[in-house]
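Tertiary structure, described
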Amino acid sequence: MTEQQFIPKAYSNTVESGKVTWESPSNIALVKYWGKKKDQIPENPSISFTLNNCKTITTLTFSKKENASDFEFDVFLEGEKKDDFKPKIQTFFERVELYLPFLRYYKFKIETKNTFPHSSGIASSASGMSALALCLMSVEKQLIQADAALSTVERSLDENYFNQKASFLARLGSGSACRSMEGDLIIWGQTDAIEGSSDLFGVKYPYQVHENFKGYQDTILLVDKGEKLVSSTVGHNLMYNHPYAKNRFQQAHDNLEKLKSILESGDLNAFIALIEGEALTLHAMMMTSMPYFILMKPNTLTIINKIWEFRQKTGLHISFTLDAGANVHVLYPKKESFKILEFIKNELVAYCQNGHYICDQIGFGAKQLTM
Ligand code: DP6
C-alpha cells in the first residue's frame, strides 16, 4: 500500500453544489501514539477503542467556483463563525490537496458541533478531523459518480476504499483521527504483530476479541477543562532526540503483541497492567523530554490512587488511561458497571472540575447522516 493509490484519476468536477453530513466519534488509545515522522507517519503502532457518545457532527456545504483559486472556506462551531479554526483546516487542505484535486474548484462551508462541551479538555481533533475527512470523501464520491467520462467500474467507489481513504486523509489532519472511522478496536501503524496494519491509515483489529471486552465502559472524568498547555503536536516533536524514544517505540510494538493474546484470552488483570503502564509511560515521556512538562493535576493523581485502592479492596476490574491532559478515562467491563459507576459517582466525581464527567462506551464508528 502506498500513498499513490489515493491519488484519484482526474474527474471533471461536474457537480454544481451539494451538502453532506457525517457524525464521527472520538477514540481512546490503549497503546499510545506519541512521536511522529514527516507526513504524519507514526513512530510506533497504536490501538484504540472507538467511543460511542463523544462525537462531532459536521455538515459540509459546497458550491462550484468559476475557476480554481486559493482554498475558500468558512468554519462555524455551533452556528458561530470560528476564524481561529481556519489555520488548522488550511494546513489540512494543503496536506490533502494532492489526493482531493477538487478542493480548489469549490467553496466550502463547514458547520460543526460536538456532543461534548468544546472546552471540556476532550480533544475534538480526532472526531472533528475524521468527520471532515468523511464529508470530503462524500464529495469526491459524488464527483466520481457524476463523471460520465469514467467507466462504470471506476464510478463505483468500493466502501472499503472509501473508509481507507477517509482514514488516510484524517491522519493528515490529526494522527489519532484516522482511528475514528470504524470500531470497535482500531490499529494504526505498521507492526508485525497485526496483519494488514499500516502507517497510512487505521484498520479494524482483525483477530478474535473475548466477551469481556464487548461493550467496555469509559467514564471520562473532567479534571481540568482548560485549554491544553502543550499541544499534542508540540509533544510529539519533543520525541525527537528524546533519550528514551527508541525504547519507548519498541515497547509499543511489544505491548501490541502482548495485547493480542490478552484480547483473545480475556485476561482483565493483564489488560489493566498493560493499559495503565501505557498511560503512565506516555506521561513519563512528557516529564523526561527537554523541555519537560507535567499535564497531570493533583486531582488526576488522587483519582488514580483511589482507583487503585478500590480495585485492591473489591477485586473489581476498574482501571484508567490518560490522554495528553489531566482528564482520567476510567475503563471497566460492562458486567461490573453497576458497582463501579456507583463508586465513581460517590468517590471520584468530587475531584472533577464542577463535578463534570461523561459516560461513554465502546462504539462502532462514523455514520453518514445526509447525502
Ligand atoms: C496522547 O492525534 O492529537 O492522544 O497528529 O499532532 O494531531 P497530531 O496528534 P494527536 O495525538 C494524540 C496523542 C494521544 C495518544 C493517542 O491518541 O494515541
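A brief look at the structure comes next. (Residues numbered from 1 in each chain as written. Predicted model: local features only at pLDDT ≥ 70, side-chain atom pairs only at ≥ 80, totals over all residues. Heavy atoms only, no water.)

1. Brief notes about the packing of aromatic side chains
What counts, and what does not: Between rings of Phe, Tyr and Trp, where Trp is taken as its six-membered ring, a pair exists when centres lie within 6.5 Å; planes separated by under 30 degrees are stacked, by over 60 edge-to-face, and by other angles tilted. The way it works is that DSSP assigns letters per residue, a run of H or I at least four long becomes a helix, a run of E at least two long becomes a strand, and they are numbered from the N terminus. Partly exposed residues are those whose accessible area sits between 20% and 50% of the maximum for their type, while under 20% is buried and over 50% is exposed, using a 1.4 Å probe and protein chains only. Charges are assigned to positions over rings by a cutoff of 6 Å between ring centre and Lys NZ or Arg CZ, combined with an angular limit of 35 degrees from the ring normal.
Within the structure shown, the criterion is met by 22 aromatic pairs. With 6.3 Å between their ring centres and 40° between their planes, phenylalanine 49 and phenylalanine 271 make a pair best called tilted. With phenylalanine 49 in strand E4 (residues 46-64) and phenylalanine 271 in helix H7 (residues 268-287), the pair connects residues that are 222 residues apart, well separated along the chain. Judged by centre distance (5.9 Å) and plane angle (75°), the rings of phenylalanine 93 and phenylalanine 108 are edge-to-face. Taken together, the positions of phenylalanine 93 in helix H1 (residues 86-96) and phenylalanine 108 in strand E7 (residues 106-114) put the pair 15 residues apart, joining distant regions of the chain. One exposure class covers both phenylalanine 93 and phenylalanine 108, and it is buried. One aromatic cluster is present, built from ring pairs that chain together Tyr11, Phe62, Phe71, Phe73, Phe92, Phe93, Phe102, Tyr106 and Phe108. Across the ring face of phenylalanine 76, the terminal group of lysine 109 is positioned such that the distance to the ring centre comes to 5.3 Å. Its end group placed over the ring of tyrosine 207, lysine 260 keeps NZ or CZ at 4.6 Å from the ring centre.

2. Structural notes on the pattern of salt bridges
We count it as follows: Here a salt bridge means any side-chain nitrogen of Lys or Arg lying within 4 Å of a carboxyl oxygen belonging to Asp or Glu.
Scanning all chains against the criterion turns up 15 salt bridges. Note that glutamate 23 is salt-bridged to lysine 367, the shortest N-O span being 3.8 Å. One end of the pair, glutamate 23, is in strand E1 (residues 17-31); the other, lysine 367, is in strand E14 (residues 367-370), and 344 residues separate them in sequence. Across the pair glutamate 278 and arginine 248 runs a salt bridge, and its minimum N-O distance is 2.8 Å. With glutamate 278 in helix H7 and arginine 248 in helix H6 (residues 245-265), the pair connects residues that are 30 residues apart, well separated along the chain. A single salt-bridge network, built from bridges that share partners, covers Asp74, Lys81, Asp83 and Lys86.

3. So, the nonpolar core
The nonpolar side chains of a soluble globular protein tend to be buried, and buried together. Keep this limit in mind: What is meant by a nonpolar core is a set of buried Ala, Val, Leu, Ile, Met, Phe, Trp, Tyr and Cys residues, joined one to another through side-chain atoms within 4.5 Å. Any two residues having at least one pair of non-hydrogen atoms within 4.5 Å are treated as being in contact.
Ranked by size, the top nonpolar core spans 77 residues in total, and within it Ile47, Phe102, Phe108 and Leu136 carry the most contacts. Sort the elements by how many residues they give to this core and helix H2 (residues 125-145) lands first, with ten residues. Leave out the neighbours within four places in its chain, and isoleucine 47 touches Ile28, Ala29, Leu30, Val31, Leu185, Ile186, Ile187, Tyr205, Leu256, Leu259 and Leu263. In terms of nonpolar packing, the next biggest core, distinct from the first, is built from 22 residues, Ile307, Val328, Tyr332 and Leu348 among them.

4. Quick look at unusual backbone geometry
The omega torsion of the bond from glycine 183 to aspartate 184 falls at -5°, within 30 degrees of zero and hence cis. If you trace the backbone, aspartate 184 turns up in the loop between helix H4 (159-173) and strand E8 (185-188). The linkage connecting methionine 290 with the following residue, proline 291, adopts the cis geometry, with an omega of 5°. Structurally, proline 291 can be placed in the loop between H7 and helix H8 (298-314). Not every positive phi belongs to a glycine, and glutamine 40 is a case in point at roughly 60°.

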